[in-house]
Amino acid sequence: MFGTRAKIGLKSTSLPESIIHKLKSDEDLETALNSINTTYEINAEKHIEKKSIDTSSEENIDIDEEPADIIQSRKETIEKKRRESLHNLNVQASKMKTNSENRLREGKIGESVKIRIPDVDKARSDLRSILGVIMSVKNNNYEIGTTEGKLQQLYARNQFEICKESFVQIETVPTTPPISLREAARKFSNLGGQGYDRCNCKQQCKTNKCKCRAAGRLCTSKCHDSLSCHNK
């Protein structure tokens, strides 16, 4: 290169010195390199094939030699863990129930209670809760009555508060058919409830076919798309 002999030359390659001494032209060098690369590729393929054969044989041996008692032991361990999980869930549920019972004392028949009214069941200016009385107890569920009627659903102990004073007596609960909490809230309301009850009359609300007239209340702007009305 540039009139100077190579200081290292082909000694920096992987060619053996016996082959380097025999090289006389570029073609000889190319032939020697191709032969070495071909040899490396053949050896690598043989090594990979041998390794894959050894691996597959080991896997077959492991699969074939895995005893049935190990599989059965695994199944038993899984079933044991499942039983333990179910037991722990039952224990936790029992603890939660016990803590709830200790925190909230049991209600007695004849005691006055206060039931919170959900926001969707009342108007904004309505009462936040209604007063009732415990009429009976069925499987830790309480039947509650109000001065407007007996409530349809049964209540759990954490759904109401027991009053210190007696505000409602069982004798004051009417014997009418049971009503929902929303209907009880509407009857206690001064504005007719949350306003979801409305009529869709097209005949100007002149007869008792109108739901509002039959219930003894005036129609609102939400009724019958603000059409002309005789019940306002």
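Residues numbered from 1 in each chain as written. Predicted model: local features only at pLDDT ≥ 70, side-chain atom pairs only at ≥ 80, totals over all residues. Heavy atoms only, no water.

(A) Representation of the pairing of strand β1 (residues 112-116) within the structure. Examined bridge by bridge, β1 and strand β2 (residues 129-138) share five bridges and lie antiparallel to one another. Along β2, the bridge assignment pairs Ser112 with Val133. Of the strand pairs in this sheet, β1 and strand β5 (residues 160-162) are connected by three bridges, and their pairing is antiparallel. Following the sheet pairing, Lys114 is matched in β5 by Glu161. (Pairing = 2+ DSSP bridges. Helix = DSSP H or I, 4+ residues; strand = E, 2+ residues; numbered from the N terminus.)

(B) Quick look at a nonpolar patch on the surface. There is a patch of nonpolar side chains on the surface, built from Ile109, Val137 and Ile170 and spanning about 230 Å² of accessible area. Considering the arrangement of structural elements, one finds Ile109 in the loop between α3 (68-103) and β1. (Patch = residues over 30% accessible without salt bridge, like charges linked within 9 Å, V, L, I, M, F, W, Y side chains within 5 Å. Areas by Shrake-Rupley, 256 points an atom, 1.4 Å probe, with all protein chains shown as cover. Salt bridge = Lys/Arg side-chain N within 4 Å of Asp/Glu carboxyl O.)

(C) Spotlight on the sheet that holds β5. Taken in spatial order, the five strands make up an open sheet running β4-β3-β2-β1-β5, and their pairing is antiparallel. Looking along the sheet, the strands with just one partner apiece sit at the ends: β4 (149-150) and β5. Strand direction decides the pairing type here: strand β3 (residues 141-146) and β4, joined by two bridges, are antiparallel. Of the residues in β4, the one forming a bridge with Thr146 is Gly149.

(D) Spotlight on the nonpolar core. Counting 15 residues, the largest nonpolar core has Val113, Ile115, Ile144, Leu151, Tyr155 and Phe160 as the members making the most contacts within it. Elements that contribute at least two residues to this core include exactly β1, β2, β3, β5 and α4 (181-188). A per-element tally of this core places α4 first, with three residues. (Core = buried A, V, L, I, M, F, W, Y, C linked by side-chain atoms within 4.5 Å. Buried < 20%, exposed > 50% of the residue type's maximum accessible area, 1.4 Å probe, protein only.)

(E) The packing of aromatic side chains, seen in detail. Under the definition given, this model contains one aromatic pair. Measuring from ring centre to ring centre gives 5.2 Å for Tyr142 and Phe160, while their planes differ by 80°; the resulting arrangement is edge-to-face. Residue Tyr142 is located in strand β3, and its partner Phe160 is located in strand β5; the two are separated by 18 residues in the primary sequence. This pair shows no difference in class: Tyr142 is buried, exactly as Phe160 is. (Phe/Tyr/Trp six-rings, centres within 6.5 Å; stacked < 30°, edge-to-face > 60°.)

(F) Representation of the side chain of Arg157 within the structure. Looking at the secondary structure, you find Arg157 in the loop between β4 and β5. Glu111 provides the closest opposite charge to the buried, unpaired Arg157, separated from it by 7.2 Å. Among the polar contacts listed, one links the side chain of Arg157 to the backbone oxygen of Arg105, at a separation of 2.6 Å. When sequence neighbours within four positions are dropped, the list of residues in contact with Arg157 reads Leu104, Arg105, Gly107, Tyr142 and Ile162. (Lys, Arg positive; Asp, Glu negative; His and termini not counted. Polar contact = N/O pair within 3.5 Å; in protein donor to acceptor, adjacent residues only side chain to side chain. Contact = heavy atoms within 4.5 Å.)

(G) The environment of Glu106, seen in detail. Along the chain, Glu106 turns up in the loop between α3 and β1. Here the alpha-carbon distance between Glu106 and Asn140, two residues 34 residues apart in the chain, equals 8.6 Å. What Glu106 contacts, discounting residues up to four positions off in sequence, is Glu111, Tyr142 and Ile162.

(H) The arrangement of the pattern of salt bridges in detail. For the structure on display, the rule yields five salt bridges. Across the salt bridge formed by Glu111 and Arg105, the nearest N and O atoms sit 3.0 Å from each other. Classification of Arg105 as partly exposed rests on a relative accessible area of 43%. For Arg186, the salt bridge goes to Glu183, with nearest N and O atoms at 2.7 Å. Remark: Glu183 and Arg186 occur in helix α4; sequence separation between them is three residues, near one turn of the helix.

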